[in-house]
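Residue-level structure breakdown
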Amino acid sequence: MTEAYPGFVTASSLMQDTKTTERFSFGEEAVTADGTCLKKETVFPLMPRHGVDEEMVRLRLAEDLTLIAGIGKIREAELKRNGIQTVHDLKRTRFRNAAEDVSDILENGTVKEILSLYAELRRNSEPLLLGLMGDENSHLYFDIETLGMAHSPIILFGIGEIEADSVKVTQYLLRDIEEELPALMLTREHFKKHSAVISYNGRCFDIPYLNNRLAYYGEREVRFGVHIDLLHPTRRLFRHEFPDCRLETVEAYIPTFSRVEDVPGYLVPAYYQNYLRSKNLEILRPVVEHNTLDVANLTCLLNYETELLYG
């Protein structure tokens, strides 16, 4: 079953009472060779997207002279005062050899090669890299909910995919712990269709956790070309402006889909334990809605930060 979400709200209207009396639906049963679980789909309208010219991104990255070993912020400022404005300009200095290698990657390398360059320099959090996330149809937005203990099952999987002018959030919910394997296998199928993963703290948590649970069942891990963890560029951009950089906090300052009576993430295990005792799925309504918005609002955050940098 696919549900439509009403739309975007601005940060200033998040405190308004928009509670709905619509009956909550938990979707339909998904049947696989490994068993069954619940599947729910929710569709959100996409905010108008700001197109970014990849050539502009590459030129902006080339203005960062600190990509070259031996150049820090002080030396970069000195070089720029002397007319050296880009990595390309460094080819006529004593940094020529390193500048030629980096310049070639920035000019002619693939997105994955550029991201690898920054990873080698421990610069994964560079916000300007968000401009390289071109084709929206290649994006998979991902978030999970667990029982809060190491190696415990994943109880809810949230997957966002762009379809025309909307983002469809597909969720797989466990009615019992035995349903984790079919939910894992269904989730892995989504990863096969996309080359770029967008998450929030997913580099340290969601993706390793997913692969550990797949390994527990003797299954292959998920593979993809590019992973952008929005937590790190968000910290770089807003750590001095926002009280903290939890996703729920950040949402209060940017246009997003609103949360109404949201359940804190740390309470998810308690909700699920309560559900297991009663088998009343209605108990999980706040958990499912929390996860839905975690996924959908990643699209808002990526768009907002990209427009902030390149708009």
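Everything discussed here concerns the structure shown above.
Residues numbered from 1 in each chain as written. Predicted model: local features only at pLDDT ≥ 70, side-chain atom pairs only at ≥ 80, totals over all residues. Heavy atoms only, no water.

**A closer look at the packing of helix α5 (residues 180-192) against helix α6 (residues 202-216)**
Heads up, the condition is: For helices, the axis comes from a line fit to the C-alpha atoms of the stretch in contact; other axes are also lines fit to C-alpha atoms, and the angle between any two N-to-C directions lies between 0 and 180 degrees. Under the scheme used here, helices are H or I runs from DSSP no shorter than 4 residues and strands are E runs no shorter than 2 residues, and both carry numbers assigned from the N terminus. In these notes the angle categories are as follows: under 35 degrees is roughly parallel, over 145 is roughly antiparallel, 65 to 115 is roughly perpendicular, and the rest is oblique. Crossings are classed by handedness, with left-handed meaning an anticlockwise turn of the near helix from the far one by less than a right angle and right-handed meaning a clockwise turn. Residue contacts follow a heavy-atom distance rule, with two residues in contact if any of their heavy atoms lie within 4.5 Å. Under the convention adopted here, Pro, Cys and the residues Ala, Val, Leu, Ile, Met, Phe, Trp and Tyr are nonpolar, Asp, Glu, Lys and Arg are charged, and Gly plus all remaining residues are polar.
For the pair α5 and α6, the least separation of the axes is 10 Å and the interaxial angle reads 125 degrees. When the axis of α5 is compared with that of α6, the two are oblique. Here the hand of the crossing between α5 and α6 comes out left-handed. Contacts between α5 and α6 involve E180, L184, M185, T187, R188 and F191 from the former and I207, L210, R213 and L214 from the latter. Class assignment for the residues of the contact of α5 with α6 results in 6 nonpolar, 1 polar and 3 charged.

**Considerations on the pattern of salt bridges**
Stated formally: Within this document, salt bridges are pairs made up of a side-chain nitrogen of Lys or Arg and a carboxyl oxygen of Asp or Glu, the two lying within 4 Å of each other. Partly exposed describes any residue whose relative accessible area lies between the buried limit of under 20% and the exposed limit of over 50%, with all areas from a 1.4 Å probe on protein chains only and scaled to the type maximum.
Throughout the structure, instances matching the rule amount to 22 salt bridges. With a shortest N-O distance of 2.7 Å, E54 and R58 are connected by a salt bridge. With E54 and R58 both in helix α1 (residues 54-62) and 4 residues apart, the pair spans about one turn of that helix. According to the relative accessible area criterion, E54 is partly exposed, its value standing at 34%. Here R58 falls in the buried class, since its relative accessible area comes to 9%. Among the ionic pairs, E248 bridges to R246, the shortest N-O distance being 3.9 Å. One continuous salt-bridge network, built from bridges that share partners, spans K39, E41, E163 and K168.

**A few points about the packing of aromatic side chains**
We describe a pair of aromatic rings using the distance from one ring centre to the other and the angle between the two ring planes. In plain terms, the rule: Side-chain rings of Phe, Tyr and Trp (the six-membered ring for Trp) are treated as a pair once their centres are within 6.5 Å; stacked means planes under 30 degrees apart, edge-to-face means over 60, and tilted covers the remaining angles. Whether a charge sits over a ring comes down to the Lys NZ or Arg CZ being within 6 Å of the ring centre and within 35 degrees of the ring normal.
Inspection of every chain in the model, using the stated rule, returns 9 aromatic pairs. Seen in terms of ring centroids, F205 and Y209 are 5.3 Å apart; in terms of plane orientation they differ by 50 degrees. Their pairing is tilted. One end of the pair, F205, and the other, Y209, are both in helix α6, 4 residues apart, so they sit about a helical turn from each other. In this structure an aromatic cluster arises from ring pairing among F238, F242, Y253 and Y304. Over the ring of Y216 we find R213, and its NZ or CZ is 4.5 Å from the ring centre.

**Structural notes on the packing of helix α3 (residues 96-108) against helix α4 (residues 111-120)**
Geometry of a packed helix pair, given as the angle between the helix axes and the separation of the axes. Following both chains from N to C, one finds α3 and α4 inclined at 140 degrees, their axes separated by 8 Å at the closest point. Between α3 and α4, the angle falls in the class oblique. Classified by chirality, the crossing of α4 by α3 is left-handed. Note on element contacts: α4 touches α3 through E113, I114 and L117, opposite V102, I105 and L106. Of the residues contributing to the contact of α3 with α4, the split by class is 5 nonpolar, no polar and 1 charged.

**Observations concerning the pairing of strand β5 (residues 154-163)**
The condition is simple: Paired strands, as defined in this entry, are two strands with at least two bridges between them according to DSSP.
Of all the 10 residues making up β5, 9 are buried; the element is thus mostly covered by neighbouring parts of the structure. As paired elements, strand β4 (residues 139-146) and β5 share 7 bridges and run antiparallel to each other. Residue pairing across strands places I144 opposite F157, the latter belonging to β5. Bridge analysis of β5 against strand β6 (residues 166-173) gives 8 bridges, and the strand direction is antiparallel. Looking at the pairing, E163 lines up with S166 of β6. Taking the residues that link successive antiparallel strands as the turn, the β5-β6 hairpin has 2 residues, and the phi of A164 there is positive, at about 55 degrees.

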